[in-house]
Each structure stands twice: as structure tokens, then as C-alpha cells.
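Residue-level structural notes
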Amino acid sequence: MIEIGQFAPDFTLNNQYGEAVTLAEHLGRPVALVFYPFAFSSVCTGEMCQLQDMMDEVQEADALLLAVSTDSQYVLKAFSREESLEFDLLSDFWPHGETARAFGVFDETTGMASRTTFLIDADGIVLDRFTSEITSQRPVERYREALAKLPAPTA
């Protein structure tokens, strides 16, 4: 698993609208990279809705929220629409789990990513990382602790 202090591996994945999103294109801005198992599962749905409710806090930190699962972009588009999610849901569908593998969070047995978040600073270095059990949402307070580690945005 990628450790705190390491550079985050670059990747390009399609979002729910088929647009390519490349991590390196966002250097200069912090990124909260949220791996989650599957769209439409009860825990993941609750967690993604919780993140949507936190978007003001993410934006106040001048961070970008990217959520990654091994679902296809078509599933992610339906999920985004159904749950009114306003952030990028990235498809790590094919090659299946390649980005999750690069970060060390892919479970070969289940074919899904673990529930792990990486907070990446503006220079592309992992500033924080946290994981919860597959059956439990990551606590909102843990996201707040991670965002508090970022330098205050400059006006």
C-alpha cells in the first residue's frame, strides 16, 4: 500500500460522463482520493452521500474529491444521477482494478478496492491515509482531520 510521504502513482480514469481524469493534471491542488467497493451497495451509498454533504468543507480546503470504484462508467453515471452526487466518480473497471492495485488497495479475491482514502497534497505526495472495514463507512470526522492537515488556501 502506498505510504504517507510517498508520491501518489499517476493514473488516468474515465469519470461517470466518460471524461478522462488524470491525477497529474491536478498537481498544485490537494486531492482526496477515495477508493470504495461498489456503487449502489448500502454502505457505499451512505458514504458517498455523506461526502456529498461535506463538499463545502472540501471546497473550503481548495481540495478536489475523486472517488474510485471498479464499477463501469455507466453504472457510476446512474449512481451519480440517482444519489445527486456532484463530484467525479472514476471507473477503475478496465484493466480491472489497475489503479487500485497501483495504490495497493485492490482485493484480488473479491475484485474490488478496499475502503481507503488517500489525501494527496498539491505536490502529489500522500499526506494522510485511512481505511475502514468493508462493512463500515469512514467517519466524517476522519475526513475533517485529514483536511485540517492541508495548508490554508491562499486567496
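Residues numbered from 1 in each chain as written. Predicted model: local features only at pLDDT ≥ 70, side-chain atom pairs only at ≥ 80, totals over all residues. Heavy atoms only, no water.

Per an unreviewed UniProt entry, the chain carries the name Alkyl hydroperoxide reductase subunit C-like protein and comes from Kocuria palustris PEL.

What follows deals with the environment of Lys149. For Lys149, the location among the structural elements is in the segment after helix H5 (140-148). Classification of Lys149 by relative accessible area gives partly exposed; the value is 44%. Along the chain, Lys149 and Leu127 lie 22 residues apart, while their C-alpha atoms are 7.7 Å from each other. Apart from residues no more than four positions distant in its own chain, Lys149 is found in contact with Leu127 and Asp128. (Helix = DSSP H or I, 4+ residues; strand = E, 2+ residues; numbered from the N terminus. Buried < 20%, exposed > 50% of the residue type's maximum accessible area, 1.4 Å probe, protein only. Contact = heavy atoms within 4.5 Å.)

Among the structural elements, Ser72 can be located in the loop between strand E4 (64-69) and helix H3 (73-83). Classification of Ser72 as buried rests on a relative accessible area of 17%. In this view, Ser72 contacts Ser91 and Phe93; residues no more than four positions away in its chain are not counted.

Let us look at the UniProt feature "active site" (unreviewed entry) in the chain. With numbering matched to this structure, UniProt assigns "active site" (unreviewed entry) to Cys44. Within the fold, Cys44 resides in helix H1 (residues 42-53). A residue is classified by how much of its surface remains accessible, and Cys44, at 0% relative accessible area, is buried. Aside from chain neighbours lying at most four places away, what touches Cys44 is Tyr36, Pro37, Phe38, Phe79 and Arg115. (UniProt positions renumbered as here; feature names shortened; annotations may be inferred.)

This part takes up the pattern of salt bridges. Tallying each qualifying case throughout the model produces ten salt bridges. Of the charged contacts, one joins Arg101 and Glu108 as a salt bridge, the two residues approaching to 2.8 Å between their closest N and O atoms. For Arg101, a relative accessible area of 39% corresponds to the partly exposed category. For Glu141, the salt bridge is made with Arg144, and the minimal N-O distance between the two is 3.8 Å. Placement of the pair is Glu141 and Arg144 together in helix H5, with a separation of three residues, close to one helical turn. Taking relative accessible area as the criterion, Glu141 reaches 47% and is therefore assigned partly exposed. Residue classification places Arg144 among the partly exposed residues on the basis of a relative accessible area of 35%. (Salt bridge = Lys/Arg side-chain N within 4 Å of Asp/Glu carboxyl O.)

Turning our eyes to something else, we now look at the packing of aromatic side chains. A complete count under the given rule lists six aromatic pairs for this structure. Ring geometry for Phe35 and Phe103: centres 5.4 Å apart, planes at 55°, overall tilted. With Phe35 in strand E3 (residues 31-35) and Phe103 in helix H4 (residues 98-103), this residue pair connects regions lying 68 residues apart in the sequence. As far as the burial class goes, Phe35 and Phe103 line up, both buried. (Phe/Tyr/Trp six-rings, centres within 6.5 Å; stacked < 30°, edge-to-face > 60°.)

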